[in-house]
Amino acid sequence: MSRLIFLGPPGAGKGTQAAMIAAEFSIPHISTGEILRSAVSVRTDLGLKAQAYMDQGELVPDELILGMVRDRLTQPDTQTGWILDGFPRNVSQAEFFDKLLNTINQTYDRVVNLDVPDEILVTRLLGRGRKDDNEAVIRNRLSVYREQTAPLIDFYGDRQQLFSVAGDQSVEEVMADISRLIEF
Ligand code: AMP
């Protein structure tokens, strides 16, 4: 059983690593960004409301995110564990998440923080070619990260539940470091 939260700036490799770890440990990879992108592409109500925020690199408002996460974490496949990639994204989402876990009688096991220097992030994001990966939007996403998401490092660090991994290594090296942290 593994319940993991992946933290890190955009471009740190959270999505890549979360997918690899999820496959290795046979647990679902829950990416709020992916759920939102698919809602945008099939034009659901949620997708239509979220799109403008995503296009600008802003966070989608909590009221749209929280129900989405609650629905996903009450699906049967999450009973074996999960990896959250891209949630929580600010302190209020983290506080909501504590309450949600309490309600569904779960806890998380580890918070894994992928640490990557800024200059590497910009290069990686520019090379990725996603719709929200142009330079102005990238800059905004990094500043949104610093202002709203980075405080979660202290939020979880204060509880001694944060484990940092150097994300500026090869994909295989990062994967090996994360695997060592979560094999318990
Ligand atoms: P990501 O794939 O995690 O980089 O997310 C892409 C975009 O989706 C972000 O820039 C946000 O606009 C939105 N998003 C993803 N997860 C969240 C979240 N937990 N809270 C608010 N917005 C989110």
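The preceding data block contains the structure.
This text gives an overview of the structure that appears in the document.

Cut-offs used in this document
Residues numbered from 1 in each chain as written. Predicted model: local features only at pLDDT ≥ 70, side-chain atom pairs only at ≥ 80, totals over all residues. Heavy atoms only, no water. Near = heavy atom within 4 Å. Polar contact = N/O pair within 3.5 Å; in protein donor to acceptor, adjacent residues only side chain to side chain. Areas by Shrake-Rupley, 256 points an atom, 1.4 Å probe, with all protein chains shown as cover. Helix = DSSP H or I, 4+ residues; strand = E, 2+ residues; numbered from the N terminus. Nonpolar A, V, L, I, M, F, W, Y, C, P; charged D, E, K, R; others polar. Salt bridge = Lys/Arg side-chain N within 4 Å of Asp/Glu carboxyl O. Buried < 20%, exposed > 50% of the residue type's maximum accessible area, 1.4 Å probe, protein only.

**Here's the deal with the site of the ligand**
Item 1. Close to the ligand lie 15 residues, the nearest being Thr32, Arg37, Glu58, Gly86 and Gln93.
Item 2. The side chain of Arg89 places a nitrogen or oxygen atom 3.0 Å from an oxygen atom of the ligand.
Item 3. One nitrogen or oxygen atom from the side chain of Arg130 is found 3.3 Å from an oxygen atom belonging to the ligand.
Item 4. In isolation the ligand offers 480 Å² of accessible surface; the protein chains occlude 95% of this area.
Item 5. No other element matches helix H2 (residues 32-41), which puts four residues into the shell around the ligand.
Item 6. Tallied by class, the residues present in the shell around the ligand amount to six nonpolar, four polar and five charged.

**Things to note about the pattern of salt bridges**
Item 1. The final tally for this structure, using the stated rule, is 12 salt bridges.
Item 2. Put simply, Arg128, Arg130, Asp132, Asp133 and Arg141 are held in one network by salt bridges that share partners.

**Things to note about unusual backbone geometry**
Item 1. The residue after Phe87, namely Pro88, is reached through a cis peptide bond having omega -5°.
Item 2. With a phi close to 50°, Ser26 is a non-glycine residue in the positive phi region.
Item 3. Examined against the element boundaries, Ser26 turns out to sit in the loop between helix H1 (14-25) and strand E2 (29-31).
Item 4. Relative accessible area serves as the criterion here: at 59%, Ser26 is assigned to the exposed category.
Item 5. A positive phi angle, close to 55°, is found at Asn105, a residue other than glycine.
Item 6. If you trace the backbone, Asn105 turns up in the loop between helix H5 (91-103) and strand E4 (110-115).

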